[in-house]
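Examination of the molecular architecture
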Amino acid sequence: MEMETKVTVHDAMTSNVITADPGISVAEAASIMTEKKVGSIIVKSNSEPEGLITESDIIRKVVSKDLTASKVTIGEVMSRNLISIEPERELSDAARLMAKNSIRRLPVVKDGALVGILTSSDVMMVAPELTEILVENARIEENRALTLENERSVPGVCEVCGNYEEYLEEYDGRYICEECKEDLEGE
């Protein structure tokens, strides 16, 4: 009789997790990510993870807003309300959880303590058959983003400069072109 073995989260996770205190600056966190060649850091001040900071968080929440990375702490911009998973869970459960929540990283927690991290890359390396779940999720997210972008912009006459534009965005209750929006935001 052949016994079926299931691949667990523990089998695929990375145990050596890069962590940092929420009080360090975004600049320090970026330096650590560069040095350790990782795309994220788990934020914790004790054994339990409080948040996660990713390269994407740094770009969206600091760089794009022209904030000074050395003056912003990772605790201010980290993603909170982490979704985590236990190490004994099946890897397929982890892939579904990642896909359902549109995330690429799962902290692995046992009895409240961080024991590892599981990334979508880890899943693909250990169980390529689960890749389809992650790829389909990426397609869904891409289509959702395009739909939202198309819903926000419409063709018409800018209510500030009066020029006809293919793409107007609603800004302070008026439909305006990108150039006028930039001018208004710069004031």
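Cut-offs applied
Residues numbered from 1 in each chain as written. Predicted model: local features only at pLDDT ≥ 70, side-chain atom pairs only at ≥ 80, totals over all residues. Heavy atoms only, no water. Helix = DSSP H or I, 4+ residues; strand = E, 2+ residues; numbered from the N terminus. Patch = residues over 30% accessible without salt bridge, like charges linked within 9 Å, V, L, I, M, F, W, Y side chains within 5 Å. Areas by Shrake-Rupley, 256 points an atom, 1.4 Å probe, with all protein chains shown as cover. Salt bridge = Lys/Arg side-chain N within 4 Å of Asp/Glu carboxyl O. Buried < 20%, exposed > 50% of the residue type's maximum accessible area, 1.4 Å probe, protein only. Lys, Arg positive; Asp, Glu negative; His and termini not counted. Contact = heavy atoms within 4.5 Å. Pairing = 2+ DSSP bridges. Core = buried A, V, L, I, M, F, W, Y, C linked by side-chain atoms within 4.5 Å. 1 Å grid on protein atoms, 1.4 Å probe; cavity = no way out; pocket = protein on both sides within 12 Å on 5 of 7 lines; lining within 4 Å. Points joined across faces, edges and corners; volume = space filled by probe spheres on them.

Overview of the environment of Thr119
Residue placement: Thr119 occurs in strand β5 (residues 113–119). Residues Thr119 and Leu106 lie 13 residues apart in sequence; the distance between their C-alpha atoms is 6.3 Å.

Some points on a nonpolar patch on the surface
Among the surface-exposed residues, Val7, Met125 and Val126 lie close enough to one another that they form a single nonpolar patch of about 280 Å² accessible area. Of note, Val126 is situated in helix α6 (residues 120–126).

As for the side chain of Asp122
Considering the arrangement of structural elements, one finds Asp122 in helix α6. Buried charged residue Asp122 carries no salt bridge. Nearest counter-charge: Arg105, at 8.9 Å. Ignoring any residue separated from it by four or fewer positions in sequence, one finds Asp122 in contact with Ala12, Met13, Thr14 and Ile117.

Thoughts on the pairing of strand β2 (residues 40–43)
Regular strands place side chains that alternate from one sheet face to the opposite one. Of the two faces of β2, the one lined by Ser40 and Ile42 and the one lined by Ile41 and Val43 are each fully buried. Bridging between β2 and strand β3 (residues 51–54) involves four bridges; their strand directions are antiparallel. Residue pairing across strands places Ser40 opposite Thr54, the latter belonging to β3.

Observations regarding the nonpolar core
In this structure, Val26, Ile41, Ile53, Ile74 and Val77 are the most contacted members of the largest nonpolar core, which totals 15 residues. Among the elements that take part in this core, helix α2 (residues 26–36) stands out by supplying three residues, more than any other. If near-sequence neighbours (up to four positions away) are discounted, Val26 is found in contact with Ile58, Val62, Ala69, Val72, Thr73, Ile74 and Val77. Judged by nonpolar contacts, the second largest core, of 14 residues, contains Ile85, Met98, Val123 and Ala127.

So, the layout of surface pockets
Looking at the second largest pocket, its volume works out to about 220 Å³. Lining the second largest pocket are 13 residues, and of these Val38, Gly39, Ser40, Ile117 and Thr119 sit closest to its centre. Where the lining of the second largest pocket is concerned, the elements lending two or more residues are β2 and β5. Broken down by element, the lining of the second largest pocket gets its largest block of residues, three residues, from β2.

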